[in-house]
Amino acid sequence: MSHTIKLNKELGVIVLRAKRSMDVVEIQAAFNEVVHLPGFKEGLSLVVDFRGSETLITGAETRLLADYAKRADAKCAAKWLFLASSDVTYGLSRMFMALSSQHEVETHVFRNVTDADDWLGVGVEMDEILARTPD
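A brief look at the structure comes next. (Residues numbered from 1 in each chain as written. Predicted model: local features only at pLDDT ≥ 70, side-chain atom pairs only at ≥ 80, totals over all residues. Heavy atoms only, no water.)

**Details of the overall build of the protein chain**
(1) Moving on: The helix and strand inventory of the protein chain stands at five helices and five strands.
(2) Moving on: Secondary structure elements in the protein chain, listed N-terminal to C-terminal, are β-β-α-β-α-β-α-β-α-α.
(3) Moving on: Computed over the C-alpha atoms, the radius of gyration of the protein chain is 13 Å, within 12% of the 14 Å expected from 2.2 N^0.38 for a compact globule of 135 residues.
(4) Moving on: With respect to the principal axes defined by its C-alpha atoms, the protein chain has extents near 35 × 30 × 25 Å.
(5) Moving on: Counting contacts in the protein chain only where the partners sit at least 6 residues apart, residues at least 24 apart contribute 71% of the total.
(6) Moving on: Accessible surface, the protein chain: about 7000 Å² in total, of which carbon and sulfur atoms supply 51%. (Helix = DSSP H or I, 4+ residues; strand = E, 2+ residues; numbered from the N terminus. Rg over C-alpha atoms; globule rule 2.2 N^0.38 Å. Contact = heavy atoms within 4.5 Å. Areas by Shrake-Rupley, 256 points an atom, 1.4 Å probe, with all protein chains shown as cover.)

**Comments concerning the pairing of strand 4 (residues 78–83)**
(1) Moving on: Buried residues dominate strand 4, accounting for five of its six residues.
(2) Moving on: Sheet analysis places strand 4 next to strand 5 (residues 105–110), joined by six bridges and oriented parallel. Paired with Trp80 across the bridge in strand 5 is Thr107. (Buried < 20%, exposed > 50% of the residue type's maximum accessible area, 1.4 Å probe, protein only. Pairing = 2+ DSSP bridges.)

**Structural notes on the environment of Val24**
(1) Moving on: Along the chain, Val24 turns up in helix 1 (residues 24–35).
(2) Moving on: Measuring from C-alpha to C-alpha, the distance between Val24 and Thr107 comes to 18 Å, with 83 residues separating the pair along the chain.
(3) Moving on: The residues contacting Val24, other than those within four sequence positions of it, are Ile57, Glu61 and Leu65.

**Focus: a negative patch on the surface**
(1) Moving on: The grouping of Asp118, Glu125, Asp127 and Glu128 at the surface amounts to a negative patch.
(2) Moving on: For Asp127, the position within the fold is in helix 5 (residues 126–131). (Patch = residues over 30% accessible without salt bridge, like charges linked within 9 Å, V, L, I, M, F, W, Y side chains within 5 Å. Salt bridge = Lys/Arg side-chain N within 4 Å of Asp/Glu carboxyl O. Lys, Arg positive; Asp, Glu negative; His and termini not counted. Charge placed at Lys NZ, Arg CZ, Asp CG, Glu CD.)

**Section: the side chain of Thr107**
(1) Moving on: Within the fold, Thr107 resides in strand 5.
(2) Moving on: Excluding anything up to four places from it in sequence, Thr107 contacts Trp80, Phe82, Phe96, Met97, Ser100 and Trp119.

**Thoughts on the pattern of salt bridges**
(1) Moving on: This model, assessed by the stated rule, comprises six salt bridges.
(2) Moving on: Arg17 is paired through a salt bridge with Asp135; the nearest N and O atoms lie 3.1 Å apart. Of the two residues, Arg17 is situated in strand 2 (residues 13–18) and Asp135 in the segment after helix 5; the sequence distance between them amounts to 118 residues.
(3) Moving on: Residue Asp135 is classed as partly exposed on the basis of its relative accessible area of 47%.

**Here we look at the sheet that holds strand 1 (residues 3–8)**
(1) Moving on: Spatial ordering of the open sheet is given by 1-2-3-4-5, a layout of five strands whose pairing is mixed. Both outer strands of the open sheet, strand 1 and strand 5, are each paired with one neighbouring strand and no more. Between one strand axis and the next, the sheet turns by 15 degrees as a mean value, whatever way the strands run.
(2) Moving on: In terms of strand pairing, strand 2 meets strand 3 (residues 45–49) through five bridges, oriented parallel. When the sheet's bridge partners are listed, Leu16 is paired in strand 3 with Val48.
(3) Moving on: Contacts from helix 3 (residues 87–99) reach strand 4 and strand 5 within the one sheet, and its direction differs from that of strand 5 by about 160 degrees. (Axes fitted to C-alpha atoms, helices over the stretch in contact; angles between N-to-C directions.)

What follows is the structure, encoded as structure tokens:
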């Protein structure tokens, strides 16, 4: 499997971990899985951890994902946090941020868990969120 998805109800956070390269179709399918998780509700935060993969998609495919996200945009404020250690994934995630900046979902990308601490506003550091939401 290219990824895992787990909901941590206590923290109100969904963690999607890429385990290997994911193409645009797999990323869209993973986003669809998120909204069909038992316990899913609007306003949950999403952590997408790309550090375990080399998710290589094109700029055009990033635009497709931003358009897809717009069609599936939340009806209330939510936060999506991307963890991306490779330069390519980081850059494409920044592009997604810019293309989706008008959405209800606020998106930000970080290179490591320390930089991501406190951004979700759940009162728990990122490494603790990841530890408390195992595969």
